[in-house]
Amino acid sequence: MMIVMKPTATEQDVEALIERVESSGAHAHPIDGEELTVIGVIGDREHIARLELEGAPGVDRMVPIMKPYKLSSAEITHGARTVLEIAGRKVGGEHFAMIAGPCTVESREQTLATARVVRDAGATMFRGGAYKPRTSPYAFQGLGQEGLRLLLEAKRETGLPIVTEVMDARDLDEVLEVADVIQIGARNMQNYSLLTEIGRSGRPALLKRGLSSTLEELLMAAEYILKEGNEAVMLCERGIRTFETAYRFTLDLMAVPVLKELTHLPVIVDPSHAAGRRDLVLPLSLAAAAAGADGIIVEVHPDPEQAICDGPQALPADGFAEYLERVWAAAAVAGKATATDDHLSPTARAAA
Ligand code: PEP
Ligand code: MN
């Protein structure tokens, strides 16, 4: 259920309502819009009806949320987009994020070299895995704590916020020491206890779509994080399993405009894992940006031939600046990165 407040409602009206809702055992999630405040009320419907909130001071009307996902639903913000602010970088709305870095933290040299290249080119955040979900238990599983230490060093040196994956709630505290954004891998999209812990941590999360998950399942997974009071969730389309065998996964770009219709959360696209091949990364990135994605998460390596993990899909670091310029241009076509945007590409910033 959604309580739509009157434009004249006071802060005290909102606080009194939240208190009334919470004291009944339901959860209240206030969302401040530009013109209106809306309070999402999650709990037993009949229970909520008995509170007779309709006549309370400041309340304009009660509107049921029809979708099974509530807090991620576009209904709750009346179509307004959520813009996340992560260490001063905005994601969502008109802000386009370029999250770039290696699949895996392999060594100090490889991590710092990549971080410097992507920072100099104008990337928004640095990605890299310390804990890696690998199909084979015999494959390299990531450097773990040592990988986290290297990511921290990269963050200190470049100032870029860090996006890194947590696979197990037991590692969460250590990951929180480093991560500005916690990545939830495709294989963990429905690990509900992990989602709940990440929700409780309050740290921004990048939630990847499961290999065979529907958009509704993705939004229900996001709901596990949001319901803990963590509003900073971005969704990531990274390719799904279809009958097609000519490439690794099918990048579902239709998910971008459709998710934007269904949810207010930012939508990021991962062309690297969808393609599994570097030659497809640029065309998929351009298409994703043109389709209105709020950002791209892409793998970059100083020497892809030597990469321990996902080398065939990694962009070589020395071509990254040119790649980024082209993706920014496509994002601009879709209405991102206006002259007042703080995340213009370096060339555009110079020209603005
Ligand atoms: C990754 O980002 O390195 C990764 C393993 O992605 P996914 O969970 O989408 O496979
Ligand atoms: Mn990878």
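This is a predicted model, so every value here is computed, not measured. (Residues numbered from 1 in each chain as written. Chains lettered and ligands numbered in written order. Predicted model: local features only at pLDDT ≥ 70, side-chain atom pairs only at ≥ 80, totals over all residues. Heavy atoms only, no water.)

**Topic: the overall build of the protein**
Along its length, the protein carries 12 helices and 15 strands. Projected onto its principal axes, the C-alpha positions of the protein cover 65 × 50 × 45 Å. The proportion of buried residues among the 352 residues of the protein is 53%. Considering only contacts in the protein between residues 6 or more positions apart, those separated by 24 or more positions represent 69%. (Helix = DSSP H or I, 4+ residues; strand = E, 2+ residues; numbered from the N terminus. Buried < 20%, exposed > 50% of the residue type's maximum accessible area, 1.4 Å probe, protein only. Contact = heavy atoms within 4.5 Å.)

**Things to note about the packing of aromatic side chains**
Applying the stated rule across the entire model yields 3 aromatic pairs. Measuring from ring centre to ring centre gives 5.7 Å for Phe96 and Trp328, while their planes differ by 65°; the resulting arrangement is edge-to-face. Here Phe96 is found in the loop between strand 6 (89-91) and strand 7 (97-101), whereas its partner Trp328 is found in helix 11 (residues 320-333), with 232 residues between them in sequence. Residues Phe96 and Trp328 agree in their burial class; the two are buried. Aromatic pair Tyr192 and Tyr224: ring centres 4.3 Å apart, planes at 20°, arrangement stacked. One end of the pair, Tyr192, is in helix 6 (residues 192-201); the other, Tyr224, is in helix 7 (residues 215-226), and 32 residues separate them in sequence. According to the relative accessible area criterion, Tyr192 is partly exposed, its value standing at 33%. (Phe/Tyr/Trp six-rings, centres within 6.5 Å; stacked < 30°, edge-to-face > 60°.)

**Regarding the pattern of salt bridges**
A side chain of one charge can pair with a side chain of the opposite charge if their charged atoms are brought near each other. Here the structure, examined in full by the defined rule, presents 19 salt bridges. Measuring nitrogen to oxygen at the nearest pair gives 2.8 Å for the salt bridge that ties Arg61 to Asp60. For Arg61, a relative accessible area of 34% puts it in the partly exposed group. Its relative accessible area of 37% is what places Asp60 among the partly exposed residues. Across the pair Arg149 and Glu146 runs a salt bridge whose closest N-O atoms are separated by 3.2 Å. Pair noted here: Arg149 and Glu146 are both in helix 4 (residues 145-158), with a separation of 3 residues, about one helical turn. Among the charged side chains, a salt-bridge network with shared partners connects Arg108, Glu146, Arg149 and Glu153. (Salt bridge = Lys/Arg side-chain N within 4 Å of Asp/Glu carboxyl O.)

**So, a negative patch on the surface**
Taken together, the side chains of Glu11, Glu15, Glu19 and Asp32 define an acidic patch exposed on the protein surface. When residues in the negative patch are grouped by element, the largest group, 3 residues, is from helix 1 (residues 11-23). Following the sequence through the fold, Asp32 ends up in strand 2 (residues 27-32). (Patch = residues over 30% accessible without salt bridge, like charges linked within 9 Å, V, L, I, M, F, W, Y side chains within 5 Å. Areas by Shrake-Rupley, 256 points an atom, 1.4 Å probe, with all protein chains shown as cover. Lys, Arg positive; Asp, Glu negative; His and termini not counted. Charge placed at Lys NZ, Arg CZ, Asp CG, Glu CD.)

**Comments concerning the coordination of the manganese ion (ligand 2)**
Only Cys103 (SG), His273 (NE2), Glu299 (OE) and Asp310 (OD) from the protein coordinate the manganese ion (ligand 2), and they sit 2.0 to 2.4 Å from it. Counting residues between consecutive donors of the manganese ion (ligand 2) along the chain gives the motif C-x169-H-x25-E-x10-D. Of this pair, Cys103 sits in the loop between strand 7 and helix 3 (108-121) while Asp310 sits in the loop between strand 14 (295-301) and strand 15 (315-316), and the two are 207 residues apart along the sequence. What makes Cys103 buried here is its relative accessible area of 5%. (Donors = N, O, S within 2.8 Å, 3.2 Å for Na, K, Ca; no water.)

**Some points on the site of ligand 1**
With respect to spatial proximity, the complete set of residues near ligand 1 consists of Cys103, Arg127, Lys132, Pro133, Gln183, Gly185, Ala186, Arg187, Lys208, Arg238, His273 and Glu299. Within the side chain of Gln183, a nitrogen or oxygen atom sits 2.9 Å from an oxygen atom of ligand 1. Here an oxygen atom of ligand 1 sits 2.8 Å away from a polar atom, N or O, in the main chain of Ala186. For ligand 1, the accessible surface in isolation is 300 Å², of which the surrounding protein chains cover 97%. A per-class count over the shell around ligand 1 returns 3 nonpolar, 3 polar and 6 charged. (Near = heavy atom within 4 Å. Polar contact = N/O pair within 3.5 Å; in protein donor to acceptor, adjacent residues only side chain to side chain. Nonpolar A, V, L, I, M, F, W, Y, C, P; charged D, E, K, R; others polar.)

**A few points about the packing of helix 6 against helix 7**
Relative to each other, helix 6 and helix 7 sit at 45°, their axes nearing to 7 Å. Considering their axes alone, helix 6 and helix 7 lie oblique with respect to each other. Contacts from Tyr192, Leu195, Thr196 and Gly199 in helix 6 reach Ala221, Tyr224 and Ile225 in helix 7. (Axes fitted to C-alpha atoms, helices over the stretch in contact; angles between N-to-C directions. Parallel < 35°, antiparallel > 145°, perpendicular 65-115°, else oblique.)

**Digging into the pairing of strand 14**
Most of strand 14 is tucked away, with 7 of its 7 residues classed as buried. The two faces of strand 14 match: Gly295, Ile297, Glu299 and His301 on one face and Ile296, Val298 and Val300 on the other face are all buried. The pairing of strand 7 with strand 14 spans 5 bridges and is parallel. In the sheet register, Ile99 faces strand 14, and the bridge partner there is Ile297. Here strand 14 pairs with strand 15 via 2 bridges, running parallel. Looking across to strand 15, one finds that Val300 is bridged to Leu315. (Pairing = 2+ DSSP bridges.)

**Overview of the sheet that holds strand 3 (residues 37-42)**
Sheet strands pair via backbone hydrogen bonds, and the direction of the pair is either parallel or antiparallel. Strand order in the open sheet made by the 4 strands is 2-3-1-4, with antiparallel pairing throughout. The open sheet terminates on both sides in strands that have one partner only, identified here as strand 2 and strand 4 (59-63). Direction aside, neighbouring strands of the sheet carry axes that sit 20° apart on average. Lying over the sheet, helix 1 contacts strand 1 (2-5), strand 2, strand 3 and strand 4, oriented at roughly 155° with respect to strand 2.

**What to know about the side chain of Thr164**
With respect to the secondary-structure elements, Thr164 resides in strand 9 (residues 162-165). Classification of Thr164 by relative accessible area gives buried; the value is 0%.

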